[in-house]
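# Notes for the structure review
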Amino acid sequence: MTGTVRLLRALAAAGAALLAVTAAAPVAAARPEPKAPPQFVDLRSVDPTIITEMRYTTAHNFMGEPVDGYRQPVCILTRPAARALRTAQRSLLRQGYSLKVYDCYRPQRSVDHFVRWAEDLDDQTMKGEFFPSVDKTRLFEDGYIAEKSGHSRGSTVDLTLVKLPALPTRPYVPGEKLAPCYGPKGERFPDNSVDMGTGYDCFDTLSHTDDPRVRGAQRANRQFLKETLTGLGFVNLAEEWWHFTYKPELFPETYFDFPVARRSVAGH
């Protein structure tokens, strides 16, 4: 027997042994995705008339890309918060308006994505629209980005008002020229909402709900939204006109991480 033949047979035997070991090894089961507790619901199952524009499933947000954990454009909330929004919507419809939600429950993995983006000081892709006057080095110090978010507890929602009949909002085209989020309504990115003085997720003090520089119809629109919701148990975050939390929260100390997807609340 030649040396070459012996070598080939040895290699074949070694390969067969490796295959046998691999076949005998137990297959690791894929880790199942966490699901929402039964107290969470898809807002559409409670009130399908509320308009949804889930920004973090798209590239039109301050990072310029879809956010980790947002699998589908579905608004997930705790049931009491969703029911309170339904009550608000019924009142608004009679007055010719509709609610529009931008964000609802937010997984912890999404917040972690925000933090990674904020730490990457070279990524200035969306600065021209969402933080034109704020240095990215200050996003944590100024409170625009944090390692935890009330959204992850499930009773916080970002939303606005739309005058009916609702006109369509054109899709954002990645790479298009950006306009400052605090510019006049006709100059910033088009949105079918009423004029609130800034766009959604505008990292600027003009987004403070009661900023004295916001006057006239813009101020009236903010107060209309705030008064409608605070009368139903929602508390506004003073730094963001769009941010409201339903009180008392069902999960005031829990930060969930199930994905934003219909399957997370299937059967609820």
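Since the model is a prediction, treat every value here as computed from it, not as a measurement.

Calculation notes
- Residues numbered from 1 in each chain as written.
- Predicted model: local features only at pLDDT ≥ 70, side-chain atom pairs only at ≥ 80, totals over all residues.
- Heavy atoms only, no water.
- Buried < 20%, exposed > 50% of the residue type's maximum accessible area, 1.4 Å probe, protein only.
- Helix = DSSP H or I, 4+ residues; strand = E, 2+ residues; numbered from the N terminus.
- Pairing = 2+ DSSP bridges.
- 1 Å grid on protein atoms, 1.4 Å probe; cavity = no way out; pocket = protein on both sides within 12 Å on 5 of 7 lines; lining within 4 Å.
- Points joined across faces, edges and corners; volume = space filled by probe spheres on them.
- Nonpolar A, V, L, I, M, F, W, Y, C, P; charged D, E, K, R; others polar.
- Disulfide = S-S within 2.5 Å.
- Contact = heavy atoms within 4.5 Å.
- Axes fitted to C-alpha atoms, helices over the stretch in contact; angles between N-to-C directions.
- pLDDT = per-residue confidence, 0-100.
- Lys, Arg positive; Asp, Glu negative; His and termini not counted.
- Salt bridge = Lys/Arg side-chain N within 4 Å of Asp/Glu carboxyl O.
- Polar contact = N/O pair within 3.5 Å; in protein donor to acceptor, adjacent residues only side chain to side chain.

### As for the pairing of strand E5 (residues 156–163)
The buried count for E5 comes to 7 of 8 residues, which makes it a mostly enclosed element. Of the strand pairs in this sheet, strand E4 (residues 97–103) and E5 are connected by 6 bridges, and their pairing is antiparallel. Each residue of the ladder has a partner; that of Lys100, found in E5, is Thr160. Pairing of E5 with strand E7 (residues 243–246), which is carried by 3 bridges, proceeds in the antiparallel orientation. If you follow Thr156 over to E7, its bridge partner there is Thr245.

### Things to note about empty space enclosed by the protein
Inspection of every chain in the model, using the stated rule, returns 1 cavity of 30 Å³ or more. As a volume, the largest cavity reaches approximately 160 Å³. Residue lining of the largest cavity: 18 residues in total, with Arg188, Phe189, Asp191, Gly199 and Tyr200 positioned closest to the centre. Here the residues of the lining of the largest cavity sort into 9 nonpolar, 4 polar and 5 charged.

### Examining the state of the cysteines
Disulfides are covalent bonds that link the sulfur atoms of two cysteine residues. Counted by the stated rule, this structure contains 2 disulfides. The disulfide that involves Cys75 links it to Cys104, with 2.0 Å between the sulfurs. Classification of the bridge connecting Cys75 and Cys104 rests on its S-S torsion, roughly -100°, and on that basis the disulfide is left-handed. Here the residue Cys75 occupies a position in the loop between strand E2 (51–52) and strand E3 (76–78), and Cys104 occupies one in the loop between E4 and helix H4 (108–119), the gap between them amounting to 29 residues.

### Topic: the layout of surface pockets
Over the atoms, a rolling probe the size of a water molecule traces out where space has been left empty. Within this model, the largest pocket holds a volume of roughly 540 Å³. Lining the largest pocket we find 33 residues, and of these Gly143, Tyr144, Leu237, Glu240 and His243 sit closest to its centre. When contributions to the lining of the largest pocket are tallied by element, the ones reaching two or more residues are H4, strand E6 (234–236) and E7. Tallied by class, the residues present in the lining of the largest pocket amount to 12 nonpolar, 10 polar and 11 charged.

### Notes on the sheet that holds E4
Here we have 5 strands laid out as an open sheet, ordered E2-E4-E5-E7-E6, and mixed in their pairing. One side of each edge strand has no neighbouring strand; the edge strands of this open sheet are E2 and E6. Note: E6 against E7, 3 bridges, orientation antiparallel. Bridge pairing in E7 links Val235 to Thr245. Most of the contacts of helix H3 (residues 79–94) go to E4, to which it runs at about 145°, and overall it touches E4, E5, E6 and E7.

### Some words on the pairing of E7
Residues of E7 alternate between two faces, with His243 and Thr245 on one and Phe244 and Tyr246 on the opposite face, all of them buried. Remark: 6 residues form the turn of the hairpin made by E6 and E7, two consecutive strands paired antiparallel.

### A few points about the environment of Pro171
Note on placement: Pro171 falls in the loop between E5 and helix H6 (216–230). Relative accessible area serves as the criterion here: at 62%, Pro171 is assigned to the exposed category. With 111 residues separating them in the primary sequence, Pro171 and His60 have C-alpha atoms 8.5 Å apart. Aside from chain neighbours lying at most four places away, what touches Pro171 is Glu176 and Phe189.

### Looking at the confidence of the model for the chain
Model confidence for the chain is summarised by a mean pLDDT of 91, while 89% of its residues fall at 70 or above. Segment residues 1–28 is flagged for pLDDT under 50; beyond a separation of four residues in sequence, or across chains, it makes 2 contacts in the model.

### Some points on the side chain of Glu129
Inspection of the secondary structure puts Glu129 in helix H5 (residues 127–130). In this structure, Glu129 is buried with no salt-bridge partner, the nearest side chain bearing the opposite charge being Arg55 at 5.3 Å. Side chain to side chain, Glu129 and His60 meet in a polar contact 3.0 Å long. Not counting chain neighbours up to four residues away, the residues in contact with Glu129 comprise His60, Leu178, Ala179, Pro180, Cys181 and Phe189.

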